[in-house]
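Residue-level listing of the chains:
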Amino acid sequence: MKRCFALAVPSLMLVLALAACSDPAPVPPPPDRGVPDTRAPDAGPQPDKALPDKGPAPDQAIANGPLTITVYKSDPFTWDTSKTPFPGATVAFDLPDGKRLELTTGADGKATVSDVAWSKGTVNATGHAKGMRPISYLGIRKQDGDQELWLLPLKPAWVPVSGAAAKNMDAAAKYWAGGPTVSSQPMSYGVGTYATGVPSGVPFSLIGMQYDVDNATASPRDRLFKIAGWCKADSPAITTATTLDIDCAVKQPVTAFKATITLPTDPKSLLRTSTTGLVFVSDFDSALTSFLGYASKATIAADGKSFNLEAEHVSLAAFKAPLTQYVLSLGAYQGSVVASEGAPKDGTTVSGFLEQATLLQPAKPTTAMAFGDPIEWSTTETGVRTVIALSRGNLQAQNLEQVWFLWAMPGTTKLTLPEPPSTVDVAELLGSDPIYGQVNLCEFDLAKLYCKRNVGGKLFKLQPPPPTCSPDKWCIVKTGLSKMPFTAIWGSGASDLFLGGGGKIAHYDGASFTVMSTPSSIAVRSFWGSGPKDVFAVGDGGAILHYDGAAWSAMTSGTTENLARVWGSGAKDVFVAGAKGTILRYDGTSWKAMTSGTAVNLAGLWGTSATEVFAAGSGGTILRYDGTAWSAMTSGTSEELRALWGTGAKDLWAASGSVFGSGPGLLHYDGSAWSVALTSKNTAYGSIWGPDAKLVFAAGVAVGPALLRFDGTSWAPMDLGIKSGFPTGVWGPSANEVYVAVDTMTGDGLLLRYKP
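A quick note: this is a predicted structure, and the numbers were derived from the prediction, not measured.

It is worth spelling out the overall build of the protein chain at this point. Along the protein chain, the regular secondary structure elements total three helices and 57 strands. Along the three orthogonal principal directions, the C-alpha set of the protein chain runs to about 100 × 65 × 40 Å. Every one of the 756 residues in the protein chain was classed for burial, and the buried ones make up 58%. Of the contacts formed within the protein chain by residues at least 6 apart in sequence, a portion of 57% connects residues at least 24 apart. Here the protein chain contributes 60 positive and 64 negative side-chain charges, whose respective centroids are spaced 3 Å apart.

So, in structure tokens, the structure goes:
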């Protein structure tokens, strides 16, 4: 038996679930908030100005200039639209010159791109923060000005409420449907039961109707609900899961009213030929989740030009801002809404419904299109905004949840969806199954932030973009760098990161990655610096470069051997290790060779001070420098050692292992002796780093990329989310932000970021 359940979406989908039902047992959903929201704090243009529909003349020059996006917090329990800045949010800018920047909002909630090449096109901007729904503005032009957006949680912390849906139900009724008088989780229904969620610490009531359905109507477009009365259950403020039974023994007083919906005059309009008329009443101040009135009868006029509605609502005296919404439903979540502030007036005639946009691309809406394919539509409506709503869930079960709204600037009729910001967990947000898109039109009230008129278009399928994050929260960073297989990584802070590979050096300034100018091509193997204005890069053929904060310059190393690692205790005390036992030391003026006492290749280098430095390499070689000379240590292994890192002289790690067998994978030094800390099988670890003794990462390669995490007690594998490639370095500015550089072995590099 087909049932129509309330949907987890604040949208027109809530209204249209009922109209799609044709069997004798539908459950009407609670009222909606429009398309995509009637009251939309996480979407829409800023309320202090209207946006122009027209840009400059084609031959008018457009000067470069800034663009600021301000992100505000919104309370999902009150839909508060006060301007509380959201610091630490991510704003991803897709710029006209093809670059993509990700900026973090400051204490004022602002993120600014200072120099947009407006003459080259428009900007897409997407705001996001952990645990929040993304929101996008697409096709921003210079004349559109700076933009504001509000972020809402993806999964608000509702307090569960459930119970009997209608005790002592009237004999003439079979079903009950309703909603809380506060912002709430969408209602779900079982046999004689309901479940929802409400804000913590806020008193509320549950109001709904008991009814039956009569399908013996004169026209298939008619609807007849036999409403047997309205029930109410009051609750004090709650903070924990609560049972609240709805007793219908006492019926609530109601007011009857009639209304007429005038249909469009165009005989080809689907709103004229194929819709069902509805009306329902809710409360604006309770985020429109309340269910205060409904149409008991909707009949199409004999001439097919209008719908005649008979409806009723409970007493609205206790509600400060009733809202009446008139609907022309096309079923399958499609329909047009006209919202009227205030209680319904008997004898009202309603017209002016927006026509659906005509979907041009995709040409086959039921076949999942690629996420990056263009979406195109046409519309005859003017003075409206276009909103692309993305939903996930089961369409057949009428269980769709809207998770991402993308607002197009005026005049837009074709666009490509932007990539989600790197902070978005795509698998969590969109899943892996096809999702649904919908082109919606909204006449936006700039003062009250809601859609006065709105219409939902035809649904179309999309394939979500591939996940950008692994289950262990390692996410792909969009660097925009090509032909650069990453071979080294280091930084002095979150906004000062260096990558080497493919003979190039790239820098990240907290906003974007750029390839830096260098005096020569260098196969970078290692970076180290005392700060952002004192950075060393070493590589093959004895190459050493120095960066002074302004430019890279070549240094004379005095060797042609390949150099593998650089480390220093300060700007005037820097060591380098490399092939054939090479160790060099820089005193602030020049590089000088040191006597290492070995001829093996050295790949690991780390120290605690100028008088305590360690080097490691082939054959299990470990050397120690005491400020006077290098001497050999007993490692207990003959395996190759590729990296060293520690927190002090009594806490030092060495990375080893082989892809061709078993053996020591990681060694540890406790200040007295080296010991095997981890035995590896067919895994070679090549880099190791951590922010402290209780969080250490070791990266390497096995059948595929390998990564281990040490929590101060034991090592455990982590899922990087990639199947191929060779991790070449691990580094981070803090325990809450760690990077792994990967050589994909295809000529490009991949950067992964861990943000627990």
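With that out of the way, let us pick up the nonpolar core. Of all hydrophobic cores here, the largest spans 92 residues; its most connected members are Trp-474, Leu-499, Ile-505, Phe-527, Trp-552 and Trp-630. One finds Phe-257, Ala-259, Leu-271 and Ile-300 within the second-largest nonpolar core, a separate group that totals 55 residues.

Whether parallel or antiparallel, the strands of a sheet pair through hydrogen bonds between backbone atoms. Judged by pairing direction, the sheet is antiparallel, and its seven strands sit side by side in the order β48-β49-β50-β51-β52-β53-β54 without closing on themselves. The open sheet is flanked by β48 (643-648) and β54 (715-717), the only strands paired with a single partner. Mean inter-strand twist for the sheet, computed between neighbouring axes without regard to direction, equals 25°. Note that strand β49 (residues 651-655) and strand β50 (residues 657-669) share four bridges and pair antiparallel. Counterpart to Ala-654 in the pairing with β50 is Leu-667.

Another aspect to go through is unusual backbone geometry. A cis amide bond links Gln-361 with the next residue in sequence, Pro-362, at an omega value of 10°. By the element assignment, Pro-362 lies in the loop between β23 (358-361) and β24 (369-370). For Lys-483, which is not a glycine, the phi torsion comes out positive at approximately 55°. When you line up the elements, Lys-483 lands in the loop between β31 (474-477) and β32 (488-493). Judged by its relative accessible area of 62%, Lys-483 is exposed. Residue Met-745 is not a glycine yet carries a positive backbone phi of 70°. Relative to the helices and strands, Met-745 is located in the loop between β56 (737-743) and β57 (749-754).

To continue, consider the sheet that holds β32. With respect to topology, four strands assemble into an open sheet ordered β32-β33-β34-β35, the strand pairing being antiparallel. Every interior strand has two partners, whereas the edge strands, β32 and β35 (513-515), have only one. On average, each strand axis in the sheet is tilted by 20° relative to the strand beside it, whichever way the strands run. Sheet analysis places β32 next to strand β33 (residues 496-501), joined by five bridges and oriented antiparallel. Counted as the bridge partner of Gly-491 is Leu-497 from β33.

Next up on the list: the packing of aromatic side chains. This model, assessed by the stated rule, comprises 35 aromatic pairs. The ring of Phe-86 is capped by Lys-73, whose NZ or CZ atom sits 5.6 Å from the centre of that ring.

Right, let's talk about the pairing of strand β21 (residues 334-341) for a bit. The buried count for β21 comes to six of eight residues, which makes it a mostly enclosed element. Pairing of strand β20 (residues 322-331) with β21 involves eight bridges; the strand directions are antiparallel. When the bridges of β21 are listed, Ser-329 appears paired with Gly-335. Hairpin connection from β20 to β21: two residues lie between these consecutive antiparallel strands, with Ala-332 at a positive phi of about 50°.

Turning our attention to the pattern of salt bridges. Applying the stated criterion across every chain yields a total of 16 salt bridges. Asp-234 is paired through a salt bridge with Lys-232; the nearest N and O atoms lie 3.7 Å apart. Given a relative accessible area of 35%, Lys-232 falls into the partly exposed group. Linking Lys-478 and Glu-419 is a salt bridge whose minimum nitrogen-to-oxygen distance equals 3.5 Å. Of this pair, Lys-478 sits in the loop between β31 and β32 while Glu-419 sits in the loop between β28 (414-416) and α3 (426-430), and the two are 59 residues apart along the sequence. The class of Glu-419 is partly exposed, set by a relative accessible area of 40%. When salt bridges with common partners are traced through the structure, they connect Glu-443, Lys-452 and Arg-453 into a single cluster.

Turning to the layout of surface pockets, a few remarks are in order. Of the voids in this model, the largest pocket is the one considered here, and its volume is about 670 Å³. If you trace the largest pocket, you find 31 residues lining it, with Thr-90, Lys-130, Ser-422, Thr-423 and Lys-755 closest to the centre. In the lining of the largest pocket, the residues fall into 13 nonpolar, 10 polar and eight charged.

Here we come to the state of the cysteines. Throughout the structure, instances matching the rule amount to three disulfides. Across the disulfide, Cys-231 is cross-linked to Cys-248 (sulfur-sulfur distance 1.9 Å). Here Cys-231 and Cys-248 share a disulfide; its torsion about the S-S bond, 105°, makes the bridge right-handed. Placement of Cys-231 in strand β14 (residues 223-235) and of Cys-248 in the loop between β15 (242-243) and β16 (254-262) is noted, with a sequence separation of 17 residues between them. A residue is classified by how much of its surface remains accessible, and Cys-248, at 3% relative accessible area, is buried. One disulfide in the model links Cys-469 with Cys-475; its S-S distance is 1.9 Å. Across the S-S bond of Cys-469 and Cys-475 the torsion is about 110°, and the bridge reads as right-handed. Comparing Cys-469 with Cys-475, the two get one shared label, buried.

Attention shifts here to the environment of Leu-390. You can see Leu-390 is positioned in strand β26 (residues 385-394). Look at Leu-390 and you get buried, because its relative accessible area is 0%. When the C-alpha atoms of Leu-390 and Asp-146 are compared, they prove to be 24 Å apart, with 244 residues separating the residues in sequence. When near neighbours in sequence (up to four residues on either side) are disregarded, Leu-390 contacts Phe-371, Glu-401, Gln-402, Val-403, Trp-404, Leu-406, Leu-417, Ile-435, Tyr-436, Gly-437 and Leu-462.

This paragraph deals with the side chain of Ser-512. With respect to the helices and strands, Ser-512 occurs in the loop between β34 (504-508) and β35. Those residues in contact with Ser-512 that lie beyond four places of it in its chain are Leu-101 and His-507.

The next subject is the confidence of the model for the protein chain. The predicted model of the protein chain averages 88 in pLDDT, with 91% of residues at 70 or higher. Predicted confidence for residues 1-59 stays below pLDDT 50, and this span has 228 contacts to residues more than four positions away or in other chains.

With that out of the way, let us pick up the pairing of strand β29 (residues 435-445). Counting buried positions along β29 yields 11 of 11 residues, so the element is predominantly enclosed. Going residue by residue along β29, you find Ile-435, Gly-437, Val-439, Leu-441, Glu-443 and Asp-445 tucked away on one face and Tyr-436, Gln-438, Asn-440, Cys-442 and Phe-444 tucked away on the opposite face as well. Pairing of β26 with β29, which is carried by seven bridges, proceeds in the antiparallel orientation. Each residue of the ladder has a partner; that of Ile-388, found in β29, is Val-439. Both β29 and strand β30 (residues 450-463) contribute to a ladder of 10 bridges, which runs antiparallel. From the neighbouring strand, Leu-441 faces β30, where its bridge partner is Val-455. Connecting the antiparallel pair β29 and β30 is a turn made up of four residues, with Leu-449 showing a positive phi of about 55°.

Cut-offs used in this document
Think of each chain on its own: its residues are numbered from 1, step by step along the sequence as written. Local features in a predicted model are, by the rule used here, given only for residues with pLDDT of at least 70; side-chain atom pairs are given and counted only at 80 or more, and totals for whole chains, interfaces and linings are based on all residues. Side-chain metrics in this entry use all non-hydrogen atoms of the structure; hydrogen atoms and water are not considered. The secondary structure listing takes helices from DSSP runs of H or I that are at least 4 residues long and strands from runs of E that are at least 2 residues long, numbered from the N terminus. For the exposure calls, accessible area comes from a 1.4 Å probe over protein chains only, and a residue counts as buried if that area is under 20% of its type's maximum, exposed if over 50%, partly exposed in between. Any pair of residues with heavy atoms lying within 4.5 Å of one another is described as a contacting pair. For the charge count, each Lys or Arg is scored as positive and each Asp or Glu as negative, with His and the chain ends excluded. The atoms used to mark charge sites are NZ of Lys, CZ of Arg, CG of Asp and CD of Glu. Nonpolar core, defined: a set of buried Ala, Val, Leu, Ile, Met, Phe, Trp, Tyr and Cys residues in which side-chain atoms within 4.5 Å join the residues together. At least two bridges found by DSSP between two strands are what make those strands a pair. Axis definition: a line fit to C-alpha positions, over the contact stretch in the case of helices; interaxial angles, taken between N-to-C directions, run 0 to 180 degrees. Side-chain rings of Phe, Tyr and Trp (the six-membered ring for Trp) are treated as a pair once their centres are within 6.5 Å; stacked means planes under 30 degrees apart, edge-to-face means over 60, and tilted covers the remaining angles. Any Lys NZ or Arg CZ found within 6 Å of a ring centre and within 35 degrees of that ring's normal is scored as a charge over the ring. Any Lys or Arg side-chain nitrogen found within 4 Å of a carboxyl oxygen on Asp or Glu counts as a salt bridge. Two kinds of site are reported from a 1 Å grid over the protein atoms alone, namely cavities, where a 1.4 Å probe fits but cannot get out, and pockets, open sets with protein on both sides within 12 Å along at least five of seven lines, and residues are called lining when an atom falls within 4 Å of a point. Grid points are joined across faces, edges and corners, and a volume is the space filled by probe spheres set on the points. Residue polarity follows a fixed list, in which Ala, Val, Leu, Ile, Met, Phe, Trp, Tyr, Cys and Pro are nonpolar, Asp, Glu, Lys and Arg are charged, and the others, Gly among them, are polar. Note on terminology: disulfide denotes any pair of cysteine sulfur atoms within 2.5 Å. Every residue carries a pLDDT, the predictor's confidence in it, which falls somewhere between 0 and 100.

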